[in-house]
Amino acid sequence: MSDVPGMRDMSSTGPVGADEAPTGADEPELARIALGLDGVRAAQRGRTAEARASFEALWEELGEQDVFHRCVLAHYLADLQDDPRAELEWDRRALAAADSLTAERAQTYEAALQVRAFYPSLHLNLASDHLKLGEPDLAREQLERAVRSLDALPGDAYSAGIRAAVEELRQRLR
């Protein structure tokens, strides 16, 4: 799964917040938006390495203080990795950013957004990473965390997809 509840799919609309640049945005912010858009365009065209490079540059530009965008960006960067270990590291970065994200910051993006709703997808991705790496016990541990956090998901189609993916991975791990 490559979406976080309440966040746009970057493949269709650009990086989170990119289409919401404030009027009179300063040059650094415009440069970050351009990097994000370059990454989205490259990903849409199947140029994974180019997309990774743009998103990694954006990651550096964001700095440590913008944990909301770092969470989303790391979540997407994980999906662009060819190496399962690199994917795991990006998914860990997404989780670390979510762990330091406040509800108030998330809600500056979307009023109804709940940070706890990020966790089912984040833990599901980590479980999948560990399974790819031949680490079924760690996969089960992460999957259990995903299961314990499912109650945070709303009753929408995206959430149904997360629940189905959790069940599918649970079946694979039996």
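Counting restarts for each chain, with residues numbered from 1 along the sequence as it is written. With the structure being a predicted model, the display of local features is reserved for residues of pLDDT at least 70 and the display and counting of side-chain atom pairs for 80 or more, all residues being used for whole-chain, interface and lining totals. Derived side-chain values reflect all non-hydrogen atoms in the structure, with water molecules and hydrogen atoms excluded from consideration.

Visitor: An account of the packing of aromatic side chains is needed here, citing residue identities and associated values.
Guide: Only Phe, Tyr and Trp rings take part, Trp by its six-membered ring, and two of them pair if their centres are within 6.5 Å. Stacked means planes under 30 degrees apart, edge-to-face means over 60, and tilted covers everything else. Scanning all chains against the criterion turns up two aromatic pairs. When the centroid spacing of 5.0 Å and the interplanar angle of 90° are considered together, the rings of W59 and W90 count as edge-to-face. Within this pair, whereas W59 is found in helix 3 (residues 48-62), its partner W90 is found in helix 5 (residues 84-99), the two being separated by 31 residues in sequence. The same class applies to W59 and to W90, which are both buried. Plain terms: the ring middles of F68 and Y109 are 5.3 Å apart, the flat faces sit at 35° to each other, and that makes the pair tilted. Of this pair, F68 sits in helix 4 (residues 67-79) while Y109 sits in helix 6 (residues 103-109), placing them 41 residues apart in sequence. Per residue, the accessibility class of F68 equals that of Y109, and both read buried. Here R70 stacks its cationic end above the ring of W59, 3.7 Å away from the centre of that ring. Over the ring of W90 we find R93; its NZ or CZ atom is 4.2 Å from the centre of that ring. Counting from the N terminus, the helices are the DSSP runs of H or I reaching at least four residues and the strands are the DSSP runs of E reaching at least two. The classification of residues rests on relative accessible area computed with a 1.4 Å probe and restricted to protein chains. Under 20% of the type maximum is buried, over 50% is exposed, and intermediate values are partly exposed. Criterion for a charge above a ring: Lys NZ or Arg CZ within 6 Å of the ring centre, and within 35 degrees of the ring normal.

Visitor: Explain the nonpolar core to me, using residue names and the numbers behind them.
Guide: For the purposes of this section, nonpolar cores are sets of buried Ala, Val, Leu, Ile, Met, Phe, Trp, Tyr and Cys residues that join through side-chain atoms within 4.5 Å. Core analysis: the largest hydrophobic core is formed by 31 residues, its most contacted members being F68, L73, L101 and F118. Broken down by element, this core gets its largest block of residues, seven residues, from helix 4. Note on contacts: a residue pair is in contact if any heavy atoms of the two residues lie within 4.5 Å. Once residues within four sequence positions are removed from consideration, L73 is found in contact with F55, L58, W59 and L62. A139, L143, I162 and L169 belong to the second-largest nonpolar core, a separate cluster that totals 14 residues.

Visitor: So, the environment of S149: which residues are in play, and what are the values?
Guide: Following the sequence through the fold, S149 ends up in helix 8 (residues 136-149). A relative accessible area of 12% places S149 in the buried class. Beyond its immediate stretch of four places on either side in the chain, S149 contacts Y119 and P120. Contacts described as polar in this section are N or O atom pairs within 3.5 Å, which, within protein, must combine one atom able to donate a hydrogen with one able to accept it, while residues neighboring in sequence count only if both atoms come from side chains. A polar contact is formed between the side chain of S149 and the backbone oxygen of R145, at a distance of 3.1 Å. At 3.0 Å, the side chain of S149 forms a polar contact with the backbone oxygen of A146.

Treat this as a map of the structure, not an account of what it does.
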